[in-house]
Amino acid sequence: TQQSSVFMYGELTDKEMAEKVRQTFDSYEMNSFEILMYKKNRMPVWFFVKIAPIRNEQDKVVLFLCTFSDITAFKQPIEDDSSKGWGKFARLTRALTSSRGVLQQLAPAVHKGENVHKHSRLAEVLQLGSEILPQYKQETPKTPPHIILHYCLFKTTWDWVILILTFYTAIMVPYNVSFKTKQNNVTWLVVDSIVDVIFLVDIVLNFHTTFVGPAGEVISDPKLIRMNYVKTWFVIDLLSCLPYDVINAFENVDEGISSLFSSLKVVRLLRLGRVARKLDHYIEYGAAVLVLLVCVFGLAAHWLACIWYSIGDYEVIDEDTNSVRTDSWLFLLGDTVGTPYRFNASGTGRWEGGPSKDSVYITSLYFTMTSLTSIGFGNIAPNTDGEKIFAVAMMMIGCEYYHETCIQSF
């Protein structure tokens, strides 16, 4: 913009004002000027110029927004055939009368120019000036008292809280399902109950939060908001906030019902779709992509580790023959760490012992990490058919992940 406007300078253009324009671009500032420029036919034209830098999430200026308002009528009365012979005052009166529209357009611009350094709180978060935000964010729409604007500071902060809790759920749900844990630990039971309550409050807030319609307008009508939420995320959000952990905590709950409730908690993982949408605009930044890829890799390895344990736990003891498979990775791990499986003939008449859940999880995560990275030291290896099938599938996932990583890098 700076270079393209230089050709409009002429012999009467104020050199000091032109230098201020250049300095504004060089220092990435917001400013306004009155400067004389020239058309292609060398006709002088006075412009009121406003320059506003636009910054991205990294606080870097990516472009400048420049507005030009023609104020020639206020600098020099128009001389034409119809005004020949008129006095200077008469020509000035005619010019001002005919340019009333220019004055109306210019007045708000000057008023805003006086407050160019005042930014909204949302603008500070987005690293954008309030004057270059979308129109509906500059002018707060009139909404009913119980309706929350989807771009206000409170809703933005709340969405990030829900985002963090969704990641927490994505980690704990597969672990609880695969390890068949009952939340007898009071601390974890309280934490999960608080998460359930927050998800329930999120449902209530979503019934009172505006959204952007197909034409880019802000929808604040309560009826339309409710209909839109019911059609989109309501069912998933409702299933994700049910108190499964509280139900599983009761000792007299049937094992089948407990397993069903634990499995239904996997529905919460569908909330990750919201995470993908929120993080999508960070994809263009290298550091953000790197952090995102590491998080995705860790989450995938965690999920696969839970599946790897489930396969071992299902195959290590044959309930029909009441025997243990000595080639299962869980049996071999128990022998290695000194906690082997043993048959309690005098008591329960069942197989007992085996490695602790902490040791099993760490070993499972270690195996999935080495398999996904194609290292594989061989100290933990698949032996049964089910383990080998899963290992092959995991290697294919690792290849696909690194293929996508390479594409993102280039």
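Nothing here was measured: the structure is a model prediction, and the numbers come from that model.

Draft legend 1. Just the overall build of the protein chain, in detail. From N to C terminus, the protein chain includes 18 helices and 9 strands. By residue count, 35% of the 410 residues in the protein chain fall in the buried class. Taking all contacts inside the protein chain whose residues are at least 6 apart in sequence as the whole, residues at least 24 apart take part in 57%.

Draft legend 2. Quick peek at the packing of helix α8 (residues 153-178) against helix α9 (residues 186-206). Between α8 and α9, the least distance of the axes is 11 Å, while the angle of their chain directions is 140 degrees. With respect to each other, α8 and α9 are oriented oblique. The crossing of α8 and α9 is left-handed. Here α8 contributes F154, K155, W158, I162, L165, T166, Y168 and T169 to the contact with α9, which in turn contributes W188, V191, D192, V195, I198, F199, V201, D202, L205 and N206. Tallied by class, the residues present in the contact of α8 with α9 amount to 12 nonpolar, 3 polar and 3 charged.

Draft legend 3. Expanded view of the packing of aromatic side chains. By the definition in use, this model includes 16 aromatic pairs. Here the aromatic rings of F179 and Y361 are separated by 6.3 Å at their centres, their planes lie at 65 degrees, and the arrangement is edge-to-face. One end of the pair, F179, is in the loop between α8 and α9; the other, Y361, is in helix α17 (residues 357-372), and 182 residues separate them in sequence. Overall, the relative accessible area of 2% leaves F179 in the buried class. Considering the side-chain rings of W308 and F390, the 5.9 Å spacing of their centres and the 25 degrees angle between planes classify their relative orientation as stacked. A residue pair is termed long-range when its members are at least 10 positions apart, and W308 in helix α15 (residues 286-315) and F390 in helix α18 (residues 385-409) qualify at 82 residues. The burial state of W308 is the same as that of F390; both residues are buried. In textbook terms, an aromatic cluster arises when at least three aromatic residues are bridged by ring pairs, as seen for Y175, F179, Y309 and Y361. Sitting over the ring of Y38, R42 keeps its end group 4.9 Å from the ring centre.

Draft legend 4. Here's a closer look at the packing of helix α16 (residues 329-337) against α17. The N-to-C vectors of α16 and α17 enclose an angle of 115 degrees; their axes lie 11 Å apart at closest approach. Helix-helix and strand crossings are classified by hand; for α16 and α17 the assignment is right-handed. When α16 is examined against α17, the residues W329, L330, L333 and V337 are found in contact with a partner set consisting of S359, V360, T363 and S364. Residues belonging to the contact of α16 with α17 are distributed by class as follows: 5 nonpolar, 3 polar and no charged.

Draft legend 5. Representation of the pattern of salt bridges. Counted by the stated rule, this structure contains 4 salt bridges. Between E19 and R22 there is a salt bridge, with the nearest N and O atoms lying 2.4 Å from each other. Highlighted residues: E19 and R22, both in helix α2 (residues 15-26), separated by 3 residues, approximately one helical turn. A salt bridge links D159 to K155; the shortest N-O distance between them is 2.7 Å. Here the residue D159 and the residue K155 both occupy positions in helix α8, the gap between them amounting to 4 residues, near one helical turn. The burial state of D159 is the same as that of K155; both residues are buried. Several salt bridges converge on common partners, so that one network encompasses E19, R22 and D26.

Draft legend 6. Fine view of the nonpolar core. Core analysis: the biggest nonpolar cluster contains 23 residues, and V316, L330, Y341 and V360 have the highest contact counts within it. Secondary-structure elements contributing two or more residues to this core are α15, α16, α17 and α18. In terms of residue count, α15 provides more of this core than any other element does, 7 residues in total. With sequence-adjacent residues up to four places away left out, Y341 is seen in contact with V316, I317, V324, L330, F331, W351, E352, G353, G354 and P355. Core analysis: the second largest hydrophobic core is formed by 12 residues, W158, I162, L165 and V195 among them.

Draft legend 7. Structural context of the UniProt feature "transmembrane region" (unreviewed entry) in the protein chain. Mapped onto this structure's residue numbering, the UniProt feature "transmembrane region" (unreviewed entry) falls at residues 158-177 and 287-311. Strand forms 0% of residues 158-177 and helix 100%; the C-alpha atoms that close the span are 28 Å apart.

Draft legend 8. Summary view of the environment of V212. The topology assignment puts V212 in strand β4 (residues 211-212). A C-alpha to C-alpha distance of 8.6 Å links V212 and H150, two positions 62 residues apart in sequence.

Draft legend 9. A look at a nonpolar patch on the surface. A cluster of nonpolar side chains, namely V235, L238, L239 and L242, defines an oily patch on the protein surface of about 290 Å² accessible area. Its place among the elements puts L238 in helix α11 (residues 234-240). Here L238 falls in the partly exposed class, since its relative accessible area comes to 35%.

Draft legend 10. Representation of α8. The first and last C-alpha atoms of α8 sit 38 Å apart over 26 residues, in line with the 38 Å expected at 1.5 Å per residue. Downstream of α8 by one or two residues, K180 has phi in the positive range, about 50 degrees.

Draft legend 11. Examining the pairing of strand β2 (residues 44-55) more closely. The buried fraction of β2 is high, at 9 of 12 residues. In terms of strand pairing, strand β1 (residues 31-38) meets β2 through 8 bridges, oriented antiparallel. Bridging from a neighbouring strand, L36 pairs with W46 of β2. As consecutive antiparallel partners, β1 and β2 are separated by 5 residues, and within that stretch R42 has a phi angle of approximately 70 degrees, a positive value.

What counts and how
- Residues numbered from 1 in each chain as written.
- Predicted model: local features only at pLDDT ≥ 70, side-chain atom pairs only at ≥ 80, totals over all residues.
- Heavy atoms only, no water.
- Helix = DSSP H or I, 4+ residues; strand = E, 2+ residues; numbered from the N terminus.
- Buried < 20%, exposed > 50% of the residue type's maximum accessible area, 1.4 Å probe, protein only.
- Contact = heavy atoms within 4.5 Å.
- Axes fitted to C-alpha atoms, helices over the stretch in contact; angles between N-to-C directions.
- Parallel < 35°, antiparallel > 145°, perpendicular 65-115°, else oblique.
- Left-handed = near helix turned anticlockwise from the far one by under 90°.
- Nonpolar A, V, L, I, M, F, W, Y, C, P; charged D, E, K, R; others polar.
- Phe/Tyr/Trp six-rings, centres within 6.5 Å; stacked < 30°, edge-to-face > 60°.
- Lys NZ or Arg CZ within 6 Å of the ring centre and 35° of its normal.
- Salt bridge = Lys/Arg side-chain N within 4 Å of Asp/Glu carboxyl O.
- Core = buried A, V, L, I, M, F, W, Y, C linked by side-chain atoms within 4.5 Å.
- UniProt positions renumbered as here; feature names shortened; annotations may be inferred.
- Patch = residues over 30% accessible without salt bridge, like charges linked within 9 Å, V, L, I, M, F, W, Y side chains within 5 Å.
- Areas by Shrake-Rupley, 256 points an atom, 1.4 Å probe, with all protein chains shown as cover.
- Expected span 1.5 Å × (residues − 1).
- Pairing = 2+ DSSP bridges.

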